[in-house]
Amino acid sequence: MSTKEYKQYKRLKKESLRDNMTNLELIFNMLAEASTTEISKVENPDGFEESRDVAKHGGNIAGNARQELEEVTGKPVISKKNSENPELLDE
């Protein structure tokens, strides 16, 4: 889901999406970022198109890990929980 769609899903307006993520959402986001960084170091993309492909690859790695966890636990990682109820973010 795009950042805009994610913010709508969590019913956010101007709030930071990252500040409204659960621990698992943050972990998978960080996995996508770290994967993208490592792939970028190896592939050394030149220009926007190649960089976008690297970012998609990094995102796919995190997406696959998220889907596998969801299959094992039977629970979605992506949550509507937000900082309106901060205690819910740590569940």
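Cut-offs and rules
- Residues numbered from 1 in each chain as written.
- Predicted model: local features only at pLDDT ≥ 70, side-chain atom pairs only at ≥ 80, totals over all residues.
- Heavy atoms only, no water.
- Helix = DSSP H or I, 4+ residues; strand = E, 2+ residues; numbered from the N terminus.
- Expected span 1.5 Å × (residues − 1).
- Buried < 20%, exposed > 50% of the residue type's maximum accessible area, 1.4 Å probe, protein only.
- Contact = heavy atoms within 4.5 Å.
- pLDDT = per-residue confidence, 0-100.
- Arc of directions from axis to C-beta.
- Salt bridge = Lys/Arg side-chain N within 4 Å of Asp/Glu carboxyl O.

### Overview of helix H3 (residues 48-73)
So, step 1. With 26 residues, H3 should reach 38 Å at 1.5 Å per residue; the first-to-last C-alpha distance of 37 Å fits that figure.
So, step 2. Those residues of H3 that sit buried are Val 54, Gly 58, Ala 62, Gly 63 and Glu 70.
So, step 3. Among the structural elements, helix H2 (23-43) are those in contact with the buried residues of H3.
So, step 4. Of the residues one or two after H3, Gly 74 is the one with positive phi, at around 75°.

### Thoughts on the confidence of the model for the protein
So, step 1. Across the protein, the average pLDDT comes to 92, with 92% of residues at or above 70.
So, step 2. When mean pLDDT is taken per element in the protein, H3 scores highest with 97 and helix H4 (residues 86-89) scores lowest with 63.

### Structural notes on H2
So, step 1. For H2, with 21 residues, the first-to-last C-alpha span of 30 Å sits near the 30 Å given by 1.5 Å per residue.
So, step 2. What H2 keeps buried is the set Glu 25, Phe 28, Ala 32, Ser 35 and Ile 39. Down the axis of H2, the buried side of the element spans an arc of 95°, and every buried residue falls inside it.
So, step 3. For H2, the elements touching its buried residues are helix H1 (3-9) and H3.
So, step 4. Among the residues trailing H2, Asn 44 stands out with phi positive, at a value near 45°.

### Notes on the pattern of salt bridges
So, step 1. Throughout the structure, instances matching the rule amount to five salt bridges.
So, step 2. Salt-bridge contacts for Glu 33 lead to Arg 18; the nearest nitrogen and oxygen are separated by 2.6 Å. With a gap of 15 residues between them, Glu 33 in helix H2 and Arg 18 in the loop between H1 and H2 connect regions that are remote in the sequence.
So, step 3. You can call Arg 18 partly exposed: its relative accessible area is 37%.
So, step 4. Salt-bridge contacts for Glu 38 lead to Lys 41; the nearest nitrogen and oxygen are separated by 3.3 Å. Pair noted here: Glu 38 and Lys 41 are both in helix H2, with a separation of three residues, about one helical turn.

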